[in-house]
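Residue-level structure breakdown
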Amino acid sequence: MPLHILNHPLAEHIMTHLRDVTTKPATFRTLAYQLSLLLAIDATRDLPTEEKVIQTPLEEMTGHVLTHQPLVVVPILRAGLGMVQPFLDTFPDVSVGYLGLERDHTTAVARNYYCKLPPLVGRRVFLVDPMLATGGSAAQAITVAKEHGAFGAQLVCIVASPEGVAEVERLHPGTVIHTAALDRALNAKKYILPGLGDFGDRLYGT
Ligand code: PRP
Ligand code: URA
């Protein structure tokens, strides 16, 4: 299972404030941005580059620039919206698709209520959703991405549960998952422990 856990003291610092129940939505949004920026950088560490000869003020040198490879970031609404801006700020040519999935409060099964995706064939696709709990939403998102031609779509999340990671691996073996934290377990209501509560509610003050 290709599971990449962000390993950086700054990420731990941000994560601790994000989890803190006293953190208010405005600060929560800033922290989500900062953590997602670190994740975006980590998740793209294997992007291909090509040589480029340039002239510094002192001499000629050969540097490296990103090879043109279209990136697509797909936030899973609504909480995933809090993770998109760092991708836009870092990769100006990125395309954005939207997928609306909402868990039923009783069954925790996700319902697909919106889908607007750019072409995914041949593109590097990142599905961004802060919480990987049962894995039901993520697995559905990967299925939809595959139906639209994505090959090897990767998940980027902030908190993952062992159950969610296992479910994604069961339904979509080999999927690469990037997360800032791998937590202990789910509670009876399928919330992640210790987690940070309902990400969407905390992001938008609902
Ligand atoms: C949350 C979260 C994930 C999902 C994770 O969204 O953002 O999409 O739950 O749970 P799962 O792994 O058990 O499917 P939610 O359904 O609460 O919707 P929201 O983003 O609109 O708040
Ligand atoms: N969705 C959330 O926002 N938080 C959880 O802990 C589980 C699902």
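Refer to the preceding data block for the structure.
Thresholds applied
Residues numbered from 1 in each chain as written. Chains lettered and ligands numbered in written order. Predicted model: local features only at pLDDT ≥ 70, side-chain atom pairs only at ≥ 80, totals over all residues. Heavy atoms only, no water. 1 Å grid on protein atoms, 1.4 Å probe; cavity = no way out; pocket = protein on both sides within 12 Å on 5 of 7 lines; lining within 4 Å. Points joined across faces, edges and corners; volume = space filled by probe spheres on them. Helix = DSSP H or I, 4+ residues; strand = E, 2+ residues; numbered from the N terminus. Nonpolar A, V, L, I, M, F, W, Y, C, P; charged D, E, K, R; others polar. Buried < 20%, exposed > 50% of the residue type's maximum accessible area, 1.4 Å probe, protein only. Arc of directions from axis to C-beta. Contact = heavy atoms within 4.5 Å. Core = buried A, V, L, I, M, F, W, Y, C linked by side-chain atoms within 4.5 Å. Axes fitted to C-alpha atoms, helices over the stretch in contact; angles between N-to-C directions. Parallel < 35°, antiparallel > 145°, perpendicular 65-115°, else oblique. Left-handed = near helix turned anticlockwise from the far one by under 90°.

**What to know about empty space enclosed by the protein**
- Using the criterion set out here, one finds one cavity of 30 Å³ or more in the structure.
- Taken as a whole, the largest cavity spans an internal volume of roughly 30 Å³.
- Every residue lining the largest cavity is listed: Val74, Leu99, Leu117, Leu120, Leu127, Ala141, Val144 and Ala145.
- Top element by residues in the lining of the largest cavity is helix H4 (residues 136–147). It accounts for three residues.
- Taken together, the residues of the lining of the largest cavity sort by class into eight nonpolar, no polar and no charged.

**As for the environment of Val21**
- Structurally, the position occupied by Val21 is in the loop between helix H1 (9–19) and helix H2 (25–43).
- Counting along the chain gives 117 residues from Val21 to Ala138, while the straight-line C-alpha distance between them is 25 Å.

**Here we look at H1**
- Listed as buried for H1 are Ala11, Ile14, Met15 and Leu18. One face of H1 carries all of its buried residues, which in axial projection span an arc of 100°. Along H1, exposed side chains directed more than 90 degrees from the buried face belong to Pro9, Glu12 and Thr16.
- Summarising the contacts, the buried residues of H1 are in contact with H2, strand E10 (154–160), strand E11 (177–182) and helix H6 (199–204).

**Brief notes about the nonpolar core**
- Judged by nonpolar contacts, the single largest core of 36 residues is most densely connected at Met15, Leu18, Leu35, Val156, Ile158 and Phe199.
- No other element matches the eight residues that H2 contributes to this core.
- Filtering out sequence-adjacent residues up to four positions away, Leu18 remains in contact with Phe28, Leu31, Ala32, Leu35, Ile158, Leu196, Phe199 and Arg202.
- Of all hydrophobic cores here, the second largest spans 23 residues; its members include Val72, Val74, Leu120 and Val125.

**Quick look at unusual backbone geometry**
- A cis amide bond links Leu77 with the next residue in sequence, Arg78, at an omega value of 0°.
- Among the structural elements, Arg78 can be located in the loop between strand E4 (71–77) and helix H3 (85–90).
- With an omega of -5°, the peptide bond between Leu193 and Pro194 qualifies as cis.
- On the secondary structure map, Pro194 appears in the loop between strand E13 (192–193) and H6.
- Positive phi outside glycine occurs at Ala108, with the angle close to 65°.
- The exposure class of Ala108 is buried, given its relative accessible area of 9%.

**Considerations on the packing of H1 against H2**
- Interaxial distance between H1 and H2 falls to 10 Å at its minimum, and their mutual angle equals 150°. Looking at the two axes, H1 sits roughly antiparallel to H2. Viewed along their axes, H1 and H2 form a crossing whose handedness is left-handed. Side by side, H1 and H2 meet where Leu10, Ala11, Ile14, Met15, His17 and Leu18 of the first sit next to Phe28, Leu31, Ala32, Gln34, Leu35 and Leu38 of the second.
- Class assignment of the residues belonging to the contact of H1 with H2 gives a composition of ten nonpolar, two polar and no charged.

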